[in-house]
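# Coordinate inspection notes
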Amino acid sequence: MTDFPGFIAVETGEDDALPLAIAWALPDGQIKHTLIEPDDDWLDDELLKLGDYSLEELRTFGVSPLDVLRELEGDHYSTTLYTAGVSDDEAALSRLFDDFGVDPFVELAPAESLYPNMSSGEWARARNELFGELGLEPLRPEHEVQVMLYLHQRLSEAE
């Protein structure tokens with residue numbers, strides 16, 4: 001079995017780059033996923049929007065941002081990770097790196113760049129169709145990564 005590219009997705013709060021959940025693929029196709037416990041400095045805003053999560057849920061089930069970065073570094077140090085939403089994921093990861101004084105150790109690239117024979121529009125349509133086929137939710141990071149893995153497998157087999 002061939003190795004899969006490193007796919008990543010970050011779920012953020014509404015209207016900002018507050019990272020709430022993250023998922024990434026390992027070379028064997030397994031997915032790591034976790035909620036992110038908000039740092040106290042992130043909670044100054046009274047109008048904080050946490051998407052589908054409560055603050056209690058994130059504090060109870062979330063992993064500290066530094067532990068998330070350590071785990072990601074252990075899995076993908078000095079590699080390129082592929083994402084469906086480069087600017088959103090980049091902003092969320094930048095917040096993690098910047099707020100904790102960690103030098104970025106990964107680079108993000110658009111997932112469709114893995115498929116030079118497809119336009120970005122064709123890739124986006126195939127991705128959206130696969131969400132429907134699998135009954136998964138866009139914007140949930142573990143679902144985003146799962147769809148990118150399945151789509152990669154399909155496109156690789158078609159070649």
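Since this is a predicted model, take the numbers as computed values, not measurements.

### A closer look at unusual backbone geometry
- The backbone phi angle of Ser-78 is positive, close to 60 degrees, even though this residue is not glycine.
- Positionally, Ser-78 belongs in the loop between helix 2 (65-76) and strand 4 (79-83).
- Phi is positive for Leu-139, close to 80 degrees, though the residue is something other than glycine.
- When its relative accessible area of 65% is taken as the criterion, Leu-139 is described as exposed.

### Observations concerning the sheet that holds strand 3 (residues 31-35)
- Taken together, the three strands give an open sheet; going across it, the order is 1-2-3, and neighbouring strands pair in antiparallel fashion. In this open sheet, the two edge strands, each paired with only one partner strand, are strand 1 (8-12) and strand 3. Averaged over neighbouring strand pairs, the angle between their axes works out to 10 degrees when direction is ignored.
- Where strand 1 meets strand 2 (residues 19-25), five bridges bridge the pair, whose relative direction is antiparallel. Considered in strand 2, the bridge of Ala-9 is made with Ala-23.

Reading the values: rules and limits
Every chain begins its residue count from 1, and numbering advances along the sequence as written. Side-chain atom pairs in this predicted model are given and counted only at pLDDT of 80 or more, local residue features only at pLDDT of at least 70, and totals for whole chains, interfaces and linings cover all residues. To obtain the side-chain values, all non-hydrogen atoms of the structure were included, while hydrogens and water were left out. Runs of E in the DSSP output that reach at least two residues are strands. Runs of H or I that reach at least four are helices, and both are numbered from the N terminus. Accessible area is worked out with a 1.4 Å probe on protein chains only. A residue is then buried under 20% of its type maximum, exposed over 50%, and partly exposed in between. Here, a strand pair is defined by DSSP locating no fewer than two bridges between the strands. Axis definition: a line fit to C-alpha positions, over the contact stretch in the case of helices; interaxial angles, taken between N-to-C directions, run 0 to 180 degrees.

Without other data, these values stay purely geometric and don't point to any function.
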